[in-house]
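Chain by chain, the residues run as shown.
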Amino acid sequence: MATSTPTRESLVATIKETIEKKNVELLHVQFVDIEGTLKHVTVTAEQIDQVIDGKVMFDGSSITGYTPINESDLYLDPDLTTFAVLPWTEQEGYSEARFLCSVKKPDGSDFAGDPRNVLKKTVKRAKDQGYSISVGPELEFFLFKTDENGQPTLETQDVGGYFEPSPKDLGEKVRLEIYKALKMMGFTIEASHHEVAIGQHEINFKYADALGSADAATTYKWVVKTVAQQFGYHATFMPKPLAGENGSGMHVNISLFDDEKQENAFYDASNELGLSEKAYQFIAGLMENVKDFVAVTNPLVNSYKRLVPGYEAPCYIAWSASNRSALIRIPATRGAGTRVEIRCPDPSANPYFAFAIIAAAGLDGVDRDLTVVPATNADIFEMSKEELEARGIENLPTSLEAAVERFATGEIGRQTFGEHAFNEYVALKRAECDDFRLAVTNWEVAAYQAKF
């Protein structure tokens, strides 16, 4: 499974050759804030050496969750493997390209508030234990029509259903252009289809190492939104934009690769389910910690409108080898493809934080030799409250406020994020909960204004 890694010199040479061949004039040097929102500073291609050497500076005090104004100077250190020409910018004699970056302090050390650095720290922890982390996320999204000012409406661009083709699936042309753009940027696309809800879609790309998958998920969201806008649509990764319809999830498939044995650490052919002891421990770690990390994988007030019974989103803490009503599922593939799928995350999550804390939670189970509870193979959504209690099946937190308080008082968040990112994230989410608590919603006006 080992592959040769291109040298820095060969990567630089290839990048400069591509810049010349594709007539790249502008370089977008990108990073993410604490919410996973993509940011970039744009420089001319003549400054490629400055970019490659990590000498592009920016004001960190203006970025959510970053630095105070008296420590504002930060630098962007590009991951050269993320260089890509942007397909929608290409025209005769002109194009633009981008790099994804980690953030450094002036002394050259990693900036602790950068989500990409948080994930890199978790990847290193796994590597020190002899494991590489593989992640394959599945991000769903909605396409909405826009008004005369280009602002999103709540009118979907089709009324198609799950796996339906044209003429009901009016998103095929949009997904095709997204596919083309992603492929030109180096993605391997595995599937594309209409999802269950009206106007809802999914495009799946191949798994990669944890950092590469977080980069890919961040890029994917940017490309989807950019291409949709060209068709006059607004693409949203909001978890539950429509009441009464299924919400959008980001199922996360994750596995550990044993670097010494050169094999999937989750596979054991002698086990009844084909799962190793490490796999069971990893599942136990997820179940043990999920209440304390769901504020990261489901980070919005709106996230908890999706995590309710009746809409296929798992809200009960259970696992199964096949049961899609369970929070954790084991897809049927075995051998090198053996993996654990956690189904509660949604696509509004910061991929770097989400993948870091999911991996950390699972590794916690491995480190502590946790024993997993028996699998739940019956349909959990059909169980009564009494049956759930009898089986010991608990519910995820039902609000962002409850989830944030679990995150703030638990250990997994602080250990994974580090003090800076942890404190900034808790403060940001508590402020969001306060904003929601003080807001007067349309539901309240409709329910109470005329009655009282």
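Higher on the page you've got the structure.
So, a few notes on the structure that sits alongside this text.

### Section: the pattern of salt bridges
Once their charged atoms are close, side chains differing in charge can pair, the charge on each being opposite to the other.
Then step 1. Evaluated as defined, the whole model comprises 22 salt bridges.
Then step 2. Here Asp292 makes a salt bridge to Arg406, at a shortest N to O gap of 2.8 Å. Pair noted here: Asp292 is in helix 6 (residues 277-297) and Arg406 is in helix 10 (residues 400-409), with a separation of 114 residues, a long-range link.
Then step 3. When its relative accessible area of 12% is taken as the criterion, Asp292 is described as buried.

### What to know about the sheet that holds strand 2 (residues 38-44)
Then step 1. In space, the five strands of this open sheet follow the order 2-1-5-4-3, with mixed pairing throughout. Each end of this open sheet is capped by a strand with a single partner; those strands are strand 2 and strand 3 (56-59). Ignoring strand direction, the axes of neighbouring strands in this sheet form an average angle of 40°.
Then step 2. The pairing of strand 1 (residues 24-32) with strand 2 spans seven bridges and is antiparallel. Bridging across to strand 2, Phe31 finds its partner in Lys39.
Then step 3. With respect to the sheet, helix 3 (residues 115-128) is in contact with strand 1, strand 4 (73-85) and strand 5 (95-104), its orientation differing from that of strand 5 by roughly 65°.

### Focus on unusual backbone geometry
Then step 1. Phi angles above zero are rare outside glycine, and Asn23 is one such case at about 55°.
Then step 2. With respect to the secondary-structure elements, Asn23 resides in the loop between helix 1 (8-21) and strand 1.
Then step 3. One non-glycine residue, Asp369, lies in positive phi territory at about 50°.
Then step 4. Within the secondary structure, Asp369 is located in the loop between helix 8 (351-367) and helix 9 (385-391).
Then step 5. Using a relative accessible area of 53% as the deciding quantity, one classes Asp369 as exposed.

### So, the packing of aromatic side chains
Then step 1. Scanning all chains against the criterion turns up 23 aromatic pairs.
Then step 2. A centroid spacing of 5.2 Å and a plane angle of 80° characterise the contact between Trp88 and Trp222, whose relative ring orientation is edge-to-face. Of the two residues, Trp88 sits in the loop between strand 4 and strand 5 while Trp222 sits in helix 5 (residues 210-230), which places them 134 residues apart along the sequence.
Then step 3. Judged by relative accessible area, Trp222 falls into the buried class, the value being 18%.
Then step 4. Taken together, a centroid distance of 5.6 Å and an interplanar angle of 70° make the contact between Phe407 and Tyr425 edge-to-face. On the criterion of sequence distance, the pair formed by Phe407 in helix 10 and Tyr425 in helix 12 (residues 419-438) is long-range, its members being 18 residues apart. The same class applies to Phe407 and to Tyr425, which are both buried.
Then step 5. Here the aromatic cluster, defined as three or more aromatic residues joined through ring pairs, consists of Phe141, Phe187, Phe205, Tyr220 and Phe237.

### Here's the deal with the environment of Ser320
Then step 1. Tracing the sequence through the fold places Ser320 in strand 15 (residues 319-320).
Then step 2. Separated by 124 residues in sequence, Ser320 and Val196 place their C-alpha atoms 22 Å apart.
Then step 3. For Ser320, the side chain forms a polar contact with the side chain of Asn377, separated by 2.9 Å.

### Quick look at the environment of His40
Then step 1. Relative to the helices and strands, His40 resides in strand 2.
Then step 2. With a relative accessible area of 39%, His40 lands in the partly exposed category.
Then step 3. Along the chain, His40 and His28 lie twelve residues apart, while their C-alpha atoms are 5.8 Å from each other.
Then step 4. In contact with His40, not counting residues within four places along its chain, are His28, Val29 and Gln30.
Then step 5. Within polar-contact distance, the side chain of His40 engages the side chain of Gln30 at 3.5 Å.

### Some remarks on helix 12
Then step 1. Between its terminal C-alpha atoms helix 12 stretches 29 Å, which fits the 28 Å expected from 20 residues at 1.5 Å a residue.
Then step 2. Among the residues of helix 12, Ala421, Phe422, Tyr425, Val426, Lys429 and Cys433 are the ones counted as buried. Taken end-on, helix 12 shows its buried residues confined to a sector of 125°, consistent with a single buried face. Set apart from the buried face of helix 12 by more than 90 degrees, the exposed residues are Asp435 and Leu438.
Then step 3. Buried-residue contacts for helix 12 involve helix 3, helix 6, helix 8, helix 10 and helix 11 (412-417).

### Re the side chain of Ser348
Then step 1. Looking at the element boundaries, Ser348 is found in the loop between strand 17 (340-342) and helix 8.
Then step 2. Judged by its relative accessible area of 16%, Ser348 falls in the buried class.
Then step 3. In terms of polar contacts, Ser348 uses its side chain to reach the side chain of Asp346, at 2.5 Å.
Then step 4. Excluding anything up to four places from it in sequence, Ser348 contacts Glu35, Lys221, Phe237, Pro239, Pro299, Leu300 and Ser303.

### Points about the nonpolar core
Then step 1. Counting residues in each nonpolar core, the largest one holds 103 residues, and the members touching the most others are Tyr220 and Phe417.
Then step 2. One finds Leu27, Val29, Ala45 and Leu74 within the second-largest nonpolar core, a separate group that totals 27 residues.

### Considerations on a nonpolar patch on the surface
Then step 1. The grouping of Trp443, Tyr448 and Phe452 at the surface amounts to a nonpolar patch, some 430 Å² of accessible area in total.
Then step 2. On the secondary structure map, Trp443 appears in helix 13 (residues 442-448).
Then step 3. Exposure remark for Trp443: the relative accessible area of 58% places this residue in the exposed category.

### A look at the packing of helix 3 against helix 8
Think of two packed helices as two axes; the pair is described by the angle between the axes and how far apart they sit.
Then step 1. Running from N to C, helix 3 and helix 8 point in directions that differ by 25°, and their axes come no closer than 8 Å. The pairing of helix 3 with helix 8 is recorded here as roughly parallel in orientation. Where helix 3 crosses over helix 8, the handedness of that crossing is left-handed. Of the residues in helix 8, those in contact with Pro115, Arg116, Val118, Leu119, Thr122, Arg125 and Ala126 of helix 3 are Tyr352, Phe353, Phe355, Ala356, Ala359, Ala360, Leu363, Asp364 and Asp367.
Then step 2. Of the residues contributing to the contact of helix 3 with helix 8, the split by class is eleven nonpolar, one polar and four charged.

Rules used throughout
Residues numbered from 1 in each chain as written. Predicted model: local features only at pLDDT ≥ 70, side-chain atom pairs only at ≥ 80, totals over all residues. Heavy atoms only, no water. Salt bridge = Lys/Arg side-chain N within 4 Å of Asp/Glu carboxyl O. Helix = DSSP H or I, 4+ residues; strand = E, 2+ residues; numbered from the N terminus. Buried < 20%, exposed > 50% of the residue type's maximum accessible area, 1.4 Å probe, protein only. Pairing = 2+ DSSP bridges. Axes fitted to C-alpha atoms, helices over the stretch in contact; angles between N-to-C directions. Contact = heavy atoms within 4.5 Å. Phe/Tyr/Trp six-rings, centres within 6.5 Å; stacked < 30°, edge-to-face > 60°. Polar contact = N/O pair within 3.5 Å; in protein donor to acceptor, adjacent residues only side chain to side chain. Expected span 1.5 Å × (residues − 1). Arc of directions from axis to C-beta. Core = buried A, V, L, I, M, F, W, Y, C linked by side-chain atoms within 4.5 Å. Patch = residues over 30% accessible without salt bridge, like charges linked within 9 Å, V, L, I, M, F, W, Y side chains within 5 Å. Areas by Shrake-Rupley, 256 points an atom, 1.4 Å probe, with all protein chains shown as cover. Parallel < 35°, antiparallel > 145°, perpendicular 65-115°, else oblique. Left-handed = near helix turned anticlockwise from the far one by under 90°. Nonpolar A, V, L, I, M, F, W, Y, C, P; charged D, E, K, R; others polar.

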